[in-house]
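As a plain string of letters, each chain reads:
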Amino acid sequence: MSPHRSRRATRQHPLSPQAYRLIAMRFLVYVGIQASYFIGVLGTLTYVLGSDALGNALAVVFMNACLIVGSFVGGSLLDLWGPRRHFVLAVAGVIVASIYFLTTKETAFHIILGAAILGFMIGLTDVIARSYPAHLSGDPRELKRINGAISAASNIGVVVGPLVGGAIAAVAPTNAVFVFTLVCAVVALVPGLGFRPLRSPHDDGAVARGDVPAGAGTRGAGGGAAGASLAAGGETAEPASRAIGIREGIRAVTGSMALTLLFWVGFLCFLGYGAFDPIESLFYRDVLKVGASWMGWLSAAAGAGAVLGALVIMRLPGRLMNIRTLLIIQIIEGIGCLLYVGTPLVGVAMAGQLLLGCAFGAFTPLQNTLMQRHAPLAVVGRVSSIMNFGFNIAGVLPLVAAPWLAATMGVQGALLVASATVLVMPAIILVVRWKRIAALSREEAESRTSE
């Protein structure tokens, strides 16, 4: 093969129109949430109500607990209804949460209750990025491009959202950021109402890997009705008796070595992040000694790095699309965490956020691509919910210790311990499970060769 032909063969294909719609849907919902979550909830508690680490921890506990419930509900409804109707419900939920914050009293009780409502609605929207791409393609190379593009767009939202939120908080009350969230949710319906899935759970290609148990898979070839429905712009989904139950998702995860390992990688690696949420705003106030608007500026720096990370993952060679790479990226993320919280200097914190964001921007699309690659389409919503459950439970557990650590070691000391956890956990997994990870990498390589 000539060099010119080789270059043409490896050139990236453009995304489908439906993929571009999905990217716009995710971006608009996510940018609104990013503008309001950190500033509207934790910013109000910290700067308006003078909350301490315990008060913030309560808000994060309720938010994460309800996020888990919302994710399970969202994953099940996605498998039952399909992405189009699920998206309308998710957007409606974000609108309801925004209206609540705009009309409620600014008391600790009402803000914590709002955090729970917002967490549930965020859980409903979480499966958009994690599961919708599998309804467009089963090709791992195309999934990589779609997930990378979604992650890049989401992380542009991490830049734009906090910048807008910070600008609003600089001239108006912190809860005013929810006006922006509400508007973004409404606008997201424009691309959302034209979105159509391109795959059916009943197609032969819907089962991504053969290591998933039959009970969690599809029910045979997609012939006639399913194909006709998709051709007409409709969508097929599982019957209610199968789609609502989470057991099929659990069976898919436990029956697949790859999905099981992905679950535990996420769970152990996200343990460190749980301590960040309730005390990160205190780090800004007491260690960096900056105002609420800096919560937006530093978050935007992480978002800028994440855009770069997502673009890098889109160009990642196929042989590196595996769990080993995922763990190495997570180690880099831990290094970024240590740099972020390691000094009282805003400039150093900015550099740490950029590195942390770059690693996270690469981690998320790779993680989602691997999950979508191994999960049957018929239960991909529930599999993503189980994955999200692991991540969020890992984030909730450290909340019990975060206030005590902050009181004992100081806010910065507690964050350093959390950052070290993010660094050490993936390194341990990489060493302890090296043979299993290597075997999975070989399987992935063989699968790509056969395709």
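Our subject is the structure that appears above.
Figured I'd write up the structure that's included with this text. The structure presented is a predicted model; accordingly, all values stated were derived computationally and were not measured.

Calculation rules
Residues numbered from 1 in each chain as written. Predicted model: local features only at pLDDT ≥ 70, side-chain atom pairs only at ≥ 80, totals over all residues. Heavy atoms only, no water. 1 Å grid on protein atoms, 1.4 Å probe; cavity = no way out; pocket = protein on both sides within 12 Å on 5 of 7 lines; lining within 4 Å. Points joined across faces, edges and corners; volume = space filled by probe spheres on them. Nonpolar A, V, L, I, M, F, W, Y, C, P; charged D, E, K, R; others polar. Axes fitted to C-alpha atoms, helices over the stretch in contact; angles between N-to-C directions. Helix = DSSP H or I, 4+ residues; strand = E, 2+ residues; numbered from the N terminus. Parallel < 35°, antiparallel > 145°, perpendicular 65-115°, else oblique. Contact = heavy atoms within 4.5 Å. Expected span 1.5 Å × (residues − 1). Buried < 20%, exposed > 50% of the residue type's maximum accessible area, 1.4 Å probe, protein only. Core = buried A, V, L, I, M, F, W, Y, C linked by side-chain atoms within 4.5 Å. Polar contact = N/O pair within 3.5 Å; in protein donor to acceptor, adjacent residues only side chain to side chain. Salt bridge = Lys/Arg side-chain N within 4 Å of Asp/Glu carboxyl O.

Take empty space enclosed by the protein next. One pass over the full model with this rule turns up four cavities of 30 Å³ or more. Considering only enclosed or pocket space, the largest cavity measures out at about 1,500 Å³ in volume. Y30, Q34, Y37, F270 and F360 are the residues nearest the centre of the largest cavity, which is lined by 48 residues in total. Across the lining of the largest cavity, the residue classes tally to 25 nonpolar, 17 polar and six charged.

Once that is clear, we can look at the packing of helix α5 (residues 108-131) against helix α15 (residues 346-374). Running from amino to carboxyl end, α5 crosses α15 at an angle of 80 degrees, the nearest separation of the two axes being 9 Å. Between α5 and α15, the interaxial angle falls into the category roughly perpendicular. Together, A129, R130 and S131 of α5 and Q367, N368, M371 and Q372 of α15 make up the contact between the two elements. Its residues placed into classes, the contact of α5 with α15 shows two nonpolar, four polar and one charged.

So, about unusual backbone geometry. A positive phi angle, close to 60 degrees, is found at K289, a residue other than glycine. You can see K289 is positioned in the loop between α12 (276-288) and α13 (293-314).

The next point concerns the packing of helix α2 (residues 17-48) against helix α7 (residues 177-192). Where α2 meets α7, the closest approach of the two axes is 8 Å, and the angle between their N-to-C directions is 170 degrees. Of the possible angle classes, the one that applies to α2 and α7 is roughly antiparallel. Its residues placed into classes, the contact of α2 with α7 shows 17 nonpolar, five polar and one charged.

Taking 1.5 Å of rise per residue, the 13 residues of helix α11 (residues 257-269) would be expected to cover 18 Å, and the 18 Å separating its terminal C-alpha atoms lies within 8% of that figure. Every buried residue belonging to α11 is among A258, L259, L261, L262, F263, V265, G266, F267 and C269, and all of these are buried.

A few words now on the nonpolar core. In this structure, V41, F283 and Y284 are the most contacted members of the largest nonpolar core, which totals 76 residues. Those residues within four positions of V41 in sequence are excluded, and the remaining contacts are S36, M63, F101, I111, A115, L118 and F178. Formed by 38 residues, the second largest nonpolar core is a distinct cluster that contains V253, F263, L327 and I386.

Okay, the side chain of R130 next. Turning to its location among the elements, R130 is positioned in helix α5. R130 sits in the buried class, given a relative accessible area of 13%. Within the local environment of R130, its side chain forms a polar contact with the side chain of D126, the two groups lying 2.8 Å apart. Those residues in contact with R130, other than ones at most four positions away along the chain, are Q367, N368, M371, Q372, S384, N388 and F391.

Tracing the chain through its elements places N147 in helix α6 (residues 140-171). Within polar-contact distance, the side chain of N147 engages the side chain of Q372 at 2.7 Å. In this view, N147 contacts A129, P133, P365, N368, T369 and Q372; residues no more than four positions away in its chain are not counted.

Summed over all chains, the structure comprises four salt bridges. The partner of R382 in a salt bridge is D79, and the shortest N-O contact between them spans 2.7 Å. One end of the pair, R382, is in helix α16 (residues 380-396); the other, D79, is in helix α3 (residues 53-81), and 303 residues separate them in sequence. Of the two residues examined, R382 and D79, each falls in the buried class. Two residues, D139 and R141, come together in a salt bridge whose shortest N-O distance is 3.3 Å. Residue class for D139 comes out partly exposed when judged on its relative accessible area of 27%. Judged by relative accessible area, which is 49%, R141 ranks as partly exposed.

Remember, this is a structural readout, not a statement about activity or role.
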